[in-house]
Amino acid sequence: MSYTIQTKIDGEFDDVVDATNAALKDEGFGVLCDIDIQATLKEKLGEEFRQYRILGACNPPLAYEGLSVETELGALLPCNVIVYENDDGVIVVSAVDPEQLVGIADNDALDSVATEVSERFDRVLAAVTDEFGSASEA
């Protein structure tokens, strides 16, 4: 079972991160945190790691709707979107699959929120792909 939706991008890493942030904003998401895993692992452990960013995305109206139905949903928020360079040098943009994530709560009242977030994430990935083009791995 896959728990993410993703696209592979033909672009420069930092440009793809910027475009992902912009596409999230266009879909009503704020990025509450931006974690640079490469820098963090270098600083804390002295380890080299691929370019890898975690963007904690939140759409306040949808978060409010979900939290109003299921208070414990906050343990699953914000929804993470990751941008990383894979082993072949291809940039991947991947988002948590909201329908899988919300499925953990086992509350049918959250289905409409999960569907809405999923559709918005699909548009985010499509916008980034449209801007740079889809990568084909070697």
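Residues numbered from 1 in each chain as written. Predicted model: local features only at pLDDT ≥ 70, side-chain atom pairs only at ≥ 80, totals over all residues. Heavy atoms only, no water.

**Considering unusual backbone geometry**
Note that the residue after Leu77, namely Pro78, is joined by a cis bond; omega there is -5°. Mapped onto the elements, Pro78 comes out in the loop between α3 (60-69) and β4 (79-85). At Asp106, a position not held by glycine, the phi torsion is positive, near 50°. With respect to the helices and strands, Asp106 occurs in the loop between α4 (98-103) and α5 (111-132). Judged by its relative accessible area of 70%, Asp106 is exposed. (Helix = DSSP H or I, 4+ residues; strand = E, 2+ residues; numbered from the N terminus. Buried < 20%, exposed > 50% of the residue type's maximum accessible area, 1.4 Å probe, protein only.)

**A short note on the pairing of strand β1 (residues 4-9)**
Only one face of β1 is covered, namely the one carrying Ile5, Thr7 and Ile9; the face carrying Thr4, Gln6 and Lys8 has none of its residues buried. Both β1 and strand β5 (residues 91-96) contribute to a ladder of six bridges, which runs antiparallel. In the sheet register, Gln6 faces β5, and the bridge partner there is Ser94. (Pairing = 2+ DSSP bridges.)

**Considerations on the UniProt feature "domain: DUF302" (unreviewed entry) in the chain**
UniProt records the feature "domain: DUF302" (unreviewed entry) for residues 35-98 in the present numbering. Its end C-alpha atoms 20 Å apart, residues 35-98 is made of 31% helix and 34% strand. (UniProt positions renumbered as here; feature names shortened; annotations may be inferred.)

**Considerations on α5**
Taking 1.5 Å of rise per residue, the 22 residues of α5 would be expected to cover 32 Å, and the 32 Å separating its terminal C-alpha atoms lies within 8% of that figure. Of all the residues in α5, the buried ones are Val113, Ala114, Val117, Ser118, Phe121, Val124, Leu125, Val128 and Thr129. Along the axis of α5, the buried positions cluster into a sector of 140°, meaning they face one direction only. Across α5 from its buried face, at more than 90 degrees, point the exposed residues Asp130 and Glu131. Buried residues along α5 sit in contact with β1, α1 (13-26), α3, β4, β5 and α4. Residue Gly133 follows α5 closely and has a positive phi angle near 95°. (Expected span 1.5 Å × (residues − 1). Arc of directions from axis to C-beta. Contact = heavy atoms within 4.5 Å.)

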